[in-house]
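# Summary of structural features
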Amino acid sequence: DTGVSQDPRHKITKRGQNVTFRCDPISEHNRLYWYRQTLGQGPEFLTYFQNEAQLEKSRLLSDRFSAERPKGSFSTLEIQRTEQGDSAMYLCASSLGSGGRTDTQYFGPGTRLTVL
Amino acid sequence: DQQVKQNSPSLSVQEGRISILNCDYTNSMFDYFLWYKKYPAEGPTFLISISSIKDKNEDGRFTVFLNKSAKHLSLHIVPSQPGDSAVYFCAASGRGGGSNYKLTFGKGTLLTVNP
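So, here is what we can say about the structure in this document.

Residue and element names in this part refer to chain B. If you trace the five strands from one edge of the open sheet to the other, you get E1-E3-E8-E7-E6, paired in antiparallel fashion. The two strands at the open ends of the sheet, each matched to only one other strand, are strand E1 (4–5) and strand E6 (56–59). By the bridge criterion, two bridges tie E1 to strand E3 (residues 19–25) in an arrangement that is antiparallel. Residue pairing across strands places Val 4 opposite Tyr 25, the latter belonging to E3.

This is the structure:
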């Protein structure tokens, strides 16, 4: 399977704990994105990387959230001191980043986070 | 302020008929539009896209129409099949979104195709 992969698929944690999610993009895709989706809503943008550089962060990304893409390949999203409001599906996407405007994003299966 | 709106939360059609899903946007800086299909507990799957320089794009049973003056796009599925039953999201990107590349999504429309 050469699509975007995410690990774990499901995570249940207690409030106050830290969690980390991993995303492996499609190989040779330069751009990587993180989105969050809650029930009844469409995905909402969190942040994106061009290679290893984090180029934009949404105001949704509080200081408890941090994302990295250390070698321009896989990425991690960490949430510190989780709160019940963090419960959501966390989606990762990647795109070729060819420089054109029509740069299609392909999504992974998501990580479902439940904070008790 | 929702910049991409899908005003129909759900749509039900008979197998073999046409499904038409609608999407409106408010930001005139959006210039690339995409439709994604999503099954429960899975990530969105890319279906079809259209650039603002076009008014129609077709791929098999799926056609997307863009009306820039009305800030409206629609996805036509012909003929509809039971396997098309899913949530469909409209998404847009453009300079007006604060980033050239981030996607702004609508809330989705649940399509049910009845056998």
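Time to look at the interface of chain A and chain B. Opposite the 25 residues of chain A that make contact, chain B presents 24 residues. One can count zero salt bridges joining chain A with chain B. Applying the counting criterion to the chain A and chain B interface returns seven residue pairs in polar contact (both at pLDDT 80 or more). At the level of secondary structure, the elements contributing two or more residues to the side of chain A that touches chain B comprise strand E4 (31–37), strand E5 (44–50), strand E9 (88–95) and strand E10 (106–107) of chain A. The greatest single-element share of the side of chain A that touches chain B, amounting to four residues, is contributed by E4(A).

Take the side chain of A:Asp103 next. All names here are of chain A. By the secondary structure assignment, Asp 103 is in the loop between E9 and E10. Owing to a relative accessible area of 9%, Asp 103 belongs among the buried residues under this scheme. At a separation of 2.7 Å, a polar atom in the side chain of Asp 103 contacts the side chain of Ser 95. At 3.5 Å, the side chain of Asp 103 and the backbone nitrogen of Leu 96 are in polar contact.

Turning our eyes to something else, we now look at the pairing of strand E8 (residues 75–79) of chain A. Residue and element names in this part refer to chain A. Every second residue of E8 is oriented toward a common face, the buried set being Ser 75, Leu 77 and Ile 79 and the non-buried set Thr 76 and Glu 78. Of the strand pairs in this sheet, strand E3 (residues 19–24) and E8 are connected by five bridges, and their pairing is antiparallel. Bridged to Val 19 within E8 is Ile 79. The pairing of strand E7 (residues 65–68) with E8 spans four bridges and is antiparallel. From the neighbouring strand, Ala 67 faces E8, where its bridge partner is Leu 77. Counted between consecutive antiparallel strands, the loop separating E7 from E8 contains six residues, among which Gly 72 sits at a positive phi close to 75°.

Turning our attention to the nonpolar core. In this structure, B:Phe33, B:Trp35, B:Leu73, B:Leu75 and B:Tyr88 are the most contacted members of the largest nonpolar core, which totals 23 residues. Of all the secondary structure elements, the ones that give two or more residues to this core are E3, strand E4 (30–38), strand E5 (45–51), strand E7 (62–67), strand E8 (72–77), strand E9 (86–94) and strand E11 (109–114) of chain B. The element contributing the most residues to this core is E9(B), with four residues. Aside from chain neighbours lying at most four places away, what touches B:Tyr88 is B:Gln6, B:Leu21, B:Trp35, B:Tyr36, B:Lys37, B:Leu47, B:Leu75, B:Ile77, B:Gly108, B:Thr109 and B:Leu111. By size, the runner-up hydrophobic cluster in this structure holds 19 residues, among which are A:Cys23, A:Ile26, A:Ile79 and A:Ala88.

Here is what the cut-offs are and how they apply
- Residues numbered from 1 in each chain as written.
- Chains lettered and ligands numbered in written order.
- Predicted model: local features only at pLDDT ≥ 70, side-chain atom pairs only at ≥ 80, totals over all residues.
- Heavy atoms only, no water.
- Pairing = 2+ DSSP bridges.
- Helix = DSSP H or I, 4+ residues; strand = E, 2+ residues; numbered from the N terminus.
- Contact = heavy atoms within 4.5 Å.
- Salt bridge = Lys/Arg side-chain N within 4 Å of Asp/Glu carboxyl O.
- Polar contact = N/O pair within 3.5 Å; in protein donor to acceptor, adjacent residues only side chain to side chain.
- Buried < 20%, exposed > 50% of the residue type's maximum accessible area, 1.4 Å probe, protein only.
- Core = buried A, V, L, I, M, F, W, Y, C linked by side-chain atoms within 4.5 Å.

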